[in-house]
Amino acid sequence: MIDILNKLAETLDQRKGAAADSSYVASLYAKGLDKILEKVGEEAFETVLAAKNLEQDAAQRDKLIYETADLWFHTLVMMSHLDIKPDEILQELARREGLSGLAEKASRLK
């Protein structure tokens, strides 16, 4: 699973220098961070709606998977734009492994 994140991150990094009309990702980079964040927000909203719909209708499972993939993709575009690698996020998740969620949250409040 980590391989696909790293492979995708490499592709996203390669698109940073590409012409805006050469790919969807290059066009997002050309439009800047505000547009990328708009897409992340849009995909987050669509993911939330898909989850809510799944709760009401089990046939909506594929829709939630699709929307979550879009959210993850656009989040990776955002991270790439800001020079953050997936490994950095995975390291943070690994750091939190075994920690109580309540304890971890309390540690951030200090």
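For the structure given in this document, a descriptive report is provided here. Bear in mind that the values here come from a model prediction, so they are computed numbers and not experimental data.

Reading the values: rules and limits
Residues numbered from 1 in each chain as written. Predicted model: local features only at pLDDT ≥ 70, side-chain atom pairs only at ≥ 80, totals over all residues. Heavy atoms only, no water. Axes fitted to C-alpha atoms, helices over the stretch in contact; angles between N-to-C directions. Helix = DSSP H or I, 4+ residues; strand = E, 2+ residues; numbered from the N terminus. Parallel < 35°, antiparallel > 145°, perpendicular 65-115°, else oblique. Contact = heavy atoms within 4.5 Å. Nonpolar A, V, L, I, M, F, W, Y, C, P; charged D, E, K, R; others polar. Salt bridge = Lys/Arg side-chain N within 4 Å of Asp/Glu carboxyl O. Buried < 20%, exposed > 50% of the residue type's maximum accessible area, 1.4 Å probe, protein only. 1 Å grid on protein atoms, 1.4 Å probe; cavity = no way out; pocket = protein on both sides within 12 Å on 5 of 7 lines; lining within 4 Å. Points joined across faces, edges and corners; volume = space filled by probe spheres on them.

1. Overview of the packing of helix α2 (residues 24–31) against helix α3 (residues 33–56)
Point 1. Close contact between α2 and α3 brings their axes to 5 Å; oriented N to C, the two are set at 120°. Regarding the angle of α2 to α3, the classification is oblique. Mapping the contact onto sequence places Y24, L28, Y29 and K31 in α2 and L33, K35, I36 and K39 in α3.
Point 2. Residue composition of the contact of α2 with α3, grouped by class: 5 nonpolar, no polar and 3 charged.

2. Some remarks on the pattern of salt bridges
Point 1. Taken as a whole, this structure holds 10 salt bridges when the rule is applied.
Point 2. Residue E55 pairs with K52 through a salt bridge whose shortest N-O separation is 3.2 Å. Note that E55 and K52 are positioned in helix α3 at a spacing of 3 residues, about one turn of the helix.
Point 3. Overall, E55 belongs to the exposed group, its relative accessible area being 60%.
Point 4. Here E67 ties to K63 by a salt bridge, and the two come within 2.8 Å at their closest N and O atoms. With a gap of 4 residues between them, E67 and K63 both fall in helix α4 (residues 61–81), about one helical turn apart.
Point 5. The class for E67 is buried, based on a relative accessible area of 4%.
Point 6. Taken together, the shared-partner salt bridges in this structure form one network comprising D13, K16, D83 and K85.

3. Observations concerning empty space enclosed by the protein
Point 1. Scanning all chains against the criterion turns up 1 cavity of 30 Å³ or more.
Point 2. Along the walls of the largest cavity sit A9, L12, L76, M79, S80, I84, K85 and P86, which together make up its complete lining.
Point 3. At the level of secondary structure, the elements contributing two or more residues to the lining of the largest cavity comprise α1 (2–15) and α4.
Point 4. The element that contributes the greatest number of residues to the lining of the largest cavity is α4, accounting for 3 residues.

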